[in-house]
Amino acid sequence: MDNVSLKNLYDVQQLLKRFGTYVHLGKRLWDIELMSIEVRNLFDNEMIDKDTFIRAQLVLKSEHRKEENKDKEEKER
């Protein structure tokens, strides 16, 4: 997994697809949360290394934060 580039949510989706995991719940925030659980499961089962796990989680946390802020702004309108 050393050459895996994880810079955005699409990259994390592609990582999960390598293991046969497709996530689409209908709401982006839910998708991100489920992807985080799935990435954790891959790491716990030693299917990805620590560096890949950390980079994927950083992307997911960043995207989660963006979605929460977007939802918050929409509610304030």
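From a predicted model like this one, the values you see are computed outputs, not experimental measurements.

Q: Before we go on, may I ask you to explain helix H2 (residues 28-44) in this structure?
A: Taking 1.5 Å per residue as the helical rise, H2 with its 17 residues ought to reach 24 Å, and the 24 Å between its terminal C-alpha atoms agrees with that figure. Taken residue by residue, H2 has Leu 29, Asp 31, Ile 32, Met 35, Val 39 and Leu 42 as its buried positions. In an axial view of H2, the angular spread of the buried residues amounts to 155°, which keeps them on one side of the axis. The inward-facing, buried residues of H2 contact helix H1 (9-18) and helix H3 (50-76).

Q: How should I be thinking about the side chain of Gln 57 in this particular structure?
A: Mapped onto the fold, Gln 57 is located in helix H3. Owing to a relative accessible area of 11%, Gln 57 belongs among the buried residues under this scheme. In this view, Gln 57 contacts Ser 36, Val 39 and Arg 40; residues no more than four positions away in its chain are not counted.

Q: Would you mind showing me how to read the side chain of Asp 31 here?
A: Structurally, Asp 31 can be placed in helix H2. Put simply, Asp 31 is tucked away with no salt bridge, and the nearest opposite charge, on Arg 28, sits 7.1 Å away. Once you skip the residues sitting within four places of it in the chain, Asp 31 turns out to touch Val 23, His 24, Leu 25 and Gly 26.

Q: Which parts of the structure should I look at to understand the packing of H1 against H2?
A: Each pair of packed helices can be summarised by the angle the axes make with each other and by the distance between the axes. Relative to each other, H1 and H2 sit at 50°, their axes nearing to 11 Å. In terms of axis orientation, H1 runs oblique to H2. For H1 against H2, the interelement crossing comes out left-handed. Every residue of H2 that contacts H1 at Leu 9, Val 12, Gln 13 and Leu 16 is listed here: Arg 28, Ile 32, Met 35, Glu 38, Val 39 and Leu 42.

Q: Even after reading the chapter, I still don't get the pattern of salt bridges, so can you show me in this structure?
A: Any two side chains of opposite charge can pair, given that their charged atoms come close. Counted under the stated rule, the structure contains six salt bridges. Arg 55 is the partner of Asp 51 in a salt bridge, and the nearest nitrogen-oxygen pair spans 3.0 Å. Pair noted here: Asp 51 and Arg 55 are both in helix H3, with a separation of four residues, about one helical turn. Ionic pairing is found between Glu 63 and Lys 66, a salt bridge with its closest N-O pair at 3.4 Å. With Glu 63 and Lys 66 both in helix H3, this residue pair falls three residues apart, about one helical turn. In this structure Glu 63 comes out as buried when scored by relative accessible area, which is 10%. Given a relative accessible area of 48%, Lys 66 falls into the partly exposed group. Among the charged side chains, a network of salt bridges with common partners joins Arg 28, Glu 63, Lys 66, Glu 67 and Lys 70.

What counts as what
Residues numbered from 1 in each chain as written. Predicted model: local features only at pLDDT ≥ 70, side-chain atom pairs only at ≥ 80, totals over all residues. Heavy atoms only, no water. Helix = DSSP H or I, 4+ residues; strand = E, 2+ residues; numbered from the N terminus. Expected span 1.5 Å × (residues − 1). Buried < 20%, exposed > 50% of the residue type's maximum accessible area, 1.4 Å probe, protein only. Arc of directions from axis to C-beta. Contact = heavy atoms within 4.5 Å. Lys, Arg positive; Asp, Glu negative; His and termini not counted. Salt bridge = Lys/Arg side-chain N within 4 Å of Asp/Glu carboxyl O. Axes fitted to C-alpha atoms, helices over the stretch in contact; angles between N-to-C directions. Parallel < 35°, antiparallel > 145°, perpendicular 65-115°, else oblique. Left-handed = near helix turned anticlockwise from the far one by under 90°.

Structural measurements only, silent on function.
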